[in-house]
Amino acid sequence: MPRKLLSQMLKWLLLLAWLLGVGAKSMAMGVVLQELPAGALGLHAEVLVELPARPLDLAQVQERTAPFQPITQQKPSFGIGATPRWIRLKVNNLDAQAQVFHLVAGVPWTDRIDGYLIQSGRTLASWQMGDERPGATGLVPGLGFTMALQLPPGQSEVLLRVACVDPMVVPLELLSPAQFEQRQRSTAYLYGLHYGFLLALCAYNLLLFAGLGKRTYLSYAVYLVCYIGVNVCYTGHGNAWIWPDLPGFQRYVIPVMMVAFAVSSLMFARRFLRLWSSAQRVDRAVSGLALLGLVVATVSVLWGSHLAAVLWGFAFLGLVCIVMVALGFFSLHRGTPSARYFLLACLCGMIGAASSTITTWGWVPFNELGYRAIEIGVTLEATLLALALAYQVRHYQRASLQATELARIDLLTKLLNRRAFFEDCLPAWRTAGRGERPMCVVVIDLDHFKSVNDRHGHEVGDQALVAAGRVLAEGRRAGDLLARWGGEEFVLLLPETDLAQAVALAERLRAEIEAVTLPTASGVLTLSASFGVAQRADQASIEALIAAADTQLLAAKQAGRNRVSAAQQT
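Asker: Could you clarify how one ought to interpret the overall build of the protein chain in this entry?
Answerer: Counting its regular elements, the protein chain contains 16 helices and 20 strands. A compact globule built from 570 residues should have a C-alpha radius of gyration of about 25 Å, whereas the protein chain, at 41 Å, is more than 25% larger. If you line up the protein chain on its principal axes, its C-alpha atoms span 125 × 70 × 45 Å. When burial is assessed residue by residue, the protein chain has 49% of its 570 residues classed as buried. Relative to all contacts within the protein chain whose residues are 6 or more apart in sequence, the contacts with residues 24 or more apart total 73%. Total accessible area on the protein chain is roughly 27,700 Å²; 61% of this is exposed by carbon and sulfur atoms. Within the protein chain, the 41 negative side-chain charges are centred at a point lying 8 Å from the centre of the 48 positive side-chain charges.

Asker: Would you mind going over a nonpolar patch on the surface with me for this structure?
Answerer: Among the surface-exposed residues, L291, V295, V299 and W303 lie close enough to one another that they form a single nonpolar patch of about 440 Å² accessible area. Structurally, V299 is set in helix α8 (residues 280-303).

Asker: Whenever I open this one, the layout of surface pockets confuses me. Can you help?
Answerer: Empty space among the atoms becomes apparent when a probe as large as a water molecule is rolled across them. Considering only enclosed or pocket space, the largest pocket measures out at about 390 Å³ in volume. In terms of lining residues, the largest pocket is bounded by 22 residues, among which M258, F314, S356, T357 and I374 are the most central. If you list the elements that add at least two residues to the lining of the largest pocket, you get α4 (215-234), α6 (247-272), α9 (306-333), α10 (339-360) and α11 (368-408).

Asker: What exactly am I supposed to notice about empty space enclosed by the protein here?
Answerer: Enumeration over the complete set of coordinates arrives at 1 cavity of 30 Å³ or more. As a volume, the largest cavity reaches approximately 90 Å³. F261, S265, C321, G349 and E381 are, among the 13 residues lining the largest cavity, the residues nearest its centre. Contributions of two or more residues to the lining of the largest cavity are made by α6, α9, α10 and α11. A per-class count over the lining of the largest cavity returns 10 nonpolar, 2 polar and 1 charged.

Asker: How do you make sense of helix α16 (residues 542-558) when you look at a structure like this?
Answerer: Note: α-helices contain 3.6 residues per turn, so residues at a spacing of three or four share the same orientation. Spanning 17 residues, α16 covers 25 Å between terminal C-alpha atoms, matching the ideal 24 Å at 1.5 Å per step. Listed as buried for α16 are I542, L545, I546, A548, A549, Q552, L553, A556 and K557. Those residues of α16 hidden inside the fold are in contact with α12 (418-435), β14 (439-446), β15 (481-486), β16 (489-495), β19 (529-535) and β20 (564-566). Note on α16: the residue one or two positions beyond its end, G560, has a positive phi of about 120°.

Asker: I would appreciate a short explanation of the packing of aromatic side chains in the present structure.
Answerer: Aromatic ring pairs are defined here through the distance separating the ring centres and the angle between the ring planes. Tallying each qualifying case throughout the model produces 15 aromatic pairs. Taken together, the ring pairs in this structure connect Y220, Y223, Y227, F261, F268, F272 and F342 into an aromatic cluster. Positioned over the ring face of W276 is R271, at 5.1 Å from the centre of the ring. In this arrangement the basic side chain of R418 is found over the ring face of W485, its NZ or CZ atom lying 4.2 Å from the centre.

Asker: Quick question: what am I supposed to make of unusual backbone geometry here?
Answerer: Only a minority of non-glycine residues have a phi that is not negative, and only a minority of peptide bonds are not trans. Phi at L172 is positive, roughly 50°, even though this residue is not glycine. With respect to the helices and strands, L172 occurs in the loop between β12 (168-169) and β13 (173-175). By relative accessible area, L172 is classed as buried at 1%. Of note, the phi angle at H448 is positive, near 50°, even though the residue is not glycine.

Asker: I keep staring at the pattern of salt bridges and nothing clicks. Help me out?
Answerer: If charged atoms from side chains of opposite charge come close, those side chains can pair. Counted under the stated rule, the structure contains 18 salt bridges. For the salt bridge of R88 with E46, the shortest nitrogen-to-oxygen distance reads 3.0 Å. Residue R88 is found in strand β5 (residues 85-93), and its partner E46 is found in strand β2 (residues 46-49); the two are separated by 42 residues along the sequence. Judged by its relative accessible area of 18%, R88 is buried. R270 is the salt-bridge partner of D283, the closest N and O atoms lying 2.4 Å from each other.

Asker: What should I look at first to understand the packing of helix α3 (residues 177-212) against α4 in this one?
Answerer: Packed helix pairs are characterised by how far apart their axes lie and by the angle those axes make with each other. The contact between α3 and α4 brings their axes to 8 Å, and the two run at 155°. Classified by the angle their axes make, α3 and α4 are roughly antiparallel. Of the two possible hands of crossing, α3 and α4 adopt the one that is left-handed. Listed contacts from α4 to Y191, H194, Y195, L198, L199, L201, C202, N205, L206, L208, F209 and L212 of α3 are R215, Y217, L218, Y220, A221, L224, V225, Y227, I228, N231 and V232.

Asker: Before we go on, may I ask you to explain the confidence of the model for the protein chain in this structure?
Answerer: Reading predicted coordinates in detail is not appropriate for stretches of low pLDDT. Per-residue confidence for the protein chain gives a mean pLDDT of 86; residues scoring 70 or more make up 91%. Across residues 14-28 the pLDDT falls below 50, and counting only partners more than four positions away or on other chains, this stretch makes 7 contacts in the model.

Asker: Is there a simple way to think about the pairing of strand β11 (residues 154-163) in this case?
Answerer: Moving residue by residue along a regular strand, the side chains alternate between the two faces of the sheet. Judged by how many residues are buried, β11 sits mostly within the fold: 8 of 10 residues are covered. The sheet contact formed by β5 and β11 spans 9 bridges and is antiparallel. Bridge assignment links W86 to a residue of β11, and that residue is R161. Both strand β7 (residues 112-119) and β11 contribute to a ladder of 7 bridges, which runs antiparallel. Each bridged residue has a counterpart across the sheet, and for R112 the counterpart in β11 is A163.

Asker: Is there a simple way to think about the environment of R477 in this case?
Answerer: The topology assignment puts R477 in the loop between α14 (458-475) and β15. Along the primary structure R477 and A105 are separated by 372 residues, whereas in three dimensions their C-alpha atoms are 82 Å apart.

Asker: Just checking my understanding: could you explain the nonpolar core for this structure?
Answerer: By size, the foremost hydrophobic cluster in this structure holds 96 residues, and its most contacted members are I87, L103, L160, Y220, F316 and F342. Setting aside residues no more than four positions away along its own chain, F316 makes contact with V259, A262, V263, L266, L289, A290 and G293. Listed in part, the 32 residues of the second largest apolar core include V452, L472, A506 and V564.

So, how was this worked out
Residues numbered from 1 in each chain as written. Predicted model: local features only at pLDDT ≥ 70, side-chain atom pairs only at ≥ 80, totals over all residues. Heavy atoms only, no water. Helix = DSSP H or I, 4+ residues; strand = E, 2+ residues; numbered from the N terminus. Rg over C-alpha atoms; globule rule 2.2 N^0.38 Å. Buried < 20%, exposed > 50% of the residue type's maximum accessible area, 1.4 Å probe, protein only. Contact = heavy atoms within 4.5 Å. Areas by Shrake-Rupley, 256 points an atom, 1.4 Å probe, with all protein chains shown as cover. Lys, Arg positive; Asp, Glu negative; His and termini not counted. Charge placed at Lys NZ, Arg CZ, Asp CG, Glu CD. Patch = residues over 30% accessible without salt bridge, like charges linked within 9 Å, V, L, I, M, F, W, Y side chains within 5 Å. Salt bridge = Lys/Arg side-chain N within 4 Å of Asp/Glu carboxyl O. 1 Å grid on protein atoms, 1.4 Å probe; cavity = no way out; pocket = protein on both sides within 12 Å on 5 of 7 lines; lining within 4 Å. Points joined across faces, edges and corners; volume = space filled by probe spheres on them. Nonpolar A, V, L, I, M, F, W, Y, C, P; charged D, E, K, R; others polar. Expected span 1.5 Å × (residues − 1). Phe/Tyr/Trp six-rings, centres within 6.5 Å; stacked < 30°, edge-to-face > 60°. Lys NZ or Arg CZ within 6 Å of the ring centre and 35° of its normal. Axes fitted to C-alpha atoms, helices over the stretch in contact; angles between N-to-C directions. Parallel < 35°, antiparallel > 145°, perpendicular 65-115°, else oblique. Left-handed = near helix turned anticlockwise from the far one by under 90°. pLDDT = per-residue confidence, 0-100. Pairing = 2+ DSSP bridges. Core = buried A, V, L, I, M, F, W, Y, C linked by side-chain atoms within 4.5 Å.

Shown next, in the form of C-alpha cells:
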C-alpha cells in the first residue's frame, strides 16, 4: 500500500511538472490580442543574443537553428554596453479583421531599433527607429520609441533588433489607440507639472539673484537648469523637439549633461556651505573633483567613445551623490545653518539616482517606480535645497540684524549708544521743528564717579552704571529716547514735553537714583546724579540742544551736584 501510494504521488508530480513546463512554454509562445495581459509583455517574449562583432540580419535570424530563450523579466533590461538583442513576440489575433495597436519598443535613449512584422515567413511591415537615426521617428517624449502596427488575423510575430550602448531597456508593450492616447496625455501632464515646478523655482531664484546679488541663488538656478537639461535629454524631449536631426549630438548629450548636472551640484554645495572660507582644503577637493569630471567627459567625447562617456557619466554622478551626502554630514558636524535640510536633500537625490541606476542597468527587475526614482528624488532634493537656501538666508539676515543691533547697543547698560541715539532722534526732531511742538533734552551725569572707581574698583563702578541705567530706563515714559552718552553720562530726549514737565521728570529720576544702594566690600554705596535740562527753542540742530542741556549740567555740578538745573533757551 505505501509503495502504491508513492507511485501514485510520483505520477502526479510528473504530471504537475509537465503542466508547469507547458505553461511556461506557452507563456513564451506569445499573447492573444484579445486577451492582452496588463503591463509589459516581456514574460511572453523571447530573446536571442548576438555574438560580439557578428551582427545578424533578419534572414539569418529566421534561419538560425539556435532557439530563442524565454525572457524572465516583465520589462527586459540588459544593462549598459550590452551586445545587440533580437526580441521575438508572437501575437495571435482571433478577429477576422486586422487590429491596430501601438508597440512601445524602446526607451527614449535607445540607439537603434530595427523592427519587423512577420506572418507565415512573409514580412508585412518593417521600420527603423532610435536616437542614432535622424528625424526621431516614432519617438514619444517620456514614453519611448513606438510604432503603430496593423496586426493581421491569425498568428504573426514581431521581431525587434535592439542595439544600445546606454542601459538597454525594452518596455515591450502593445497599447490600443485609446490606451496609447491616454498614456501620451498622462505623460505630458506629468512632465508639464515636473518642468513647471522646477522652472518656477529657477525663475524665482534668478529674480532673487538679480535683486539681492547673492551668488548662491545663481548657483542654485544653474543646478536646476542642469537637472532640467539632463531630464530633457534622457526623456527624449530634446531629441523629439529641439535636435531631431542631430544624432551625433544626441549620442553624447546625455552623459555630458549628467556630468554637467553633477558639477553644478558640487558648485552649489561649495557656495551654499561657504567652503572657500570655512574649509579651504575641502573646497579645493570639491573644485578638483568638478574639474576632473569635466576633463574626463571632454576627453571621452573627443576620443569618440560613446561607451566611455556613458560609463563616466554614471560613475561620476554616483560619486558626486556620495560626496554631496558626505558634505551634508560635514556641514551638520560643523553646525552650518540649514545643514539638516541640505543633508536630507542630498540623501533624497542619492537614493533616487541609485534606484534609477540599478533599475536601468538591469540589476533589479525594471519597474516604473525605480525608473522614475531619480525624478522623484531630484524633485525632493530641489525642494529641500530651496528650503535650506531660504532657511540659510533667514539665518544670515537675523545674524546681520543682530550684529546691526549690537552695534547700536551699549554692551554694559544695554541702552542705546550715542550713534543709535542720533539715528533714532532725527524723526522726532524734524516733527517738532515742522509743527513747533515742545521738546526737551536731559543730560545726566553720575556724581563723583571717578572716586567710586578709585575706592571700590571698576566692577563696582560698572554696577553703578548698570543700576543708574536701569532706573532711567524704567522711569522714562513711552516715547522718550534714552542712551548712554559715554563714560558716566546719559542723555534723555523728551518729545512733546515742555520745560516744566521735563524738570519734574528729572527730579523724580534724580530721587530714584539717590535711593539706589549697592553693597560693596567696604560698606553700602549710595549714588547721586546731576541733571541738566534744556528746552528746544531756536536751536538749529539736536546737537545744539544737547549742548544747551550740557551747559545746564555744568551749572548743576557747580551748584553742588545731586540737583536739576534748567533754563529755557531763547
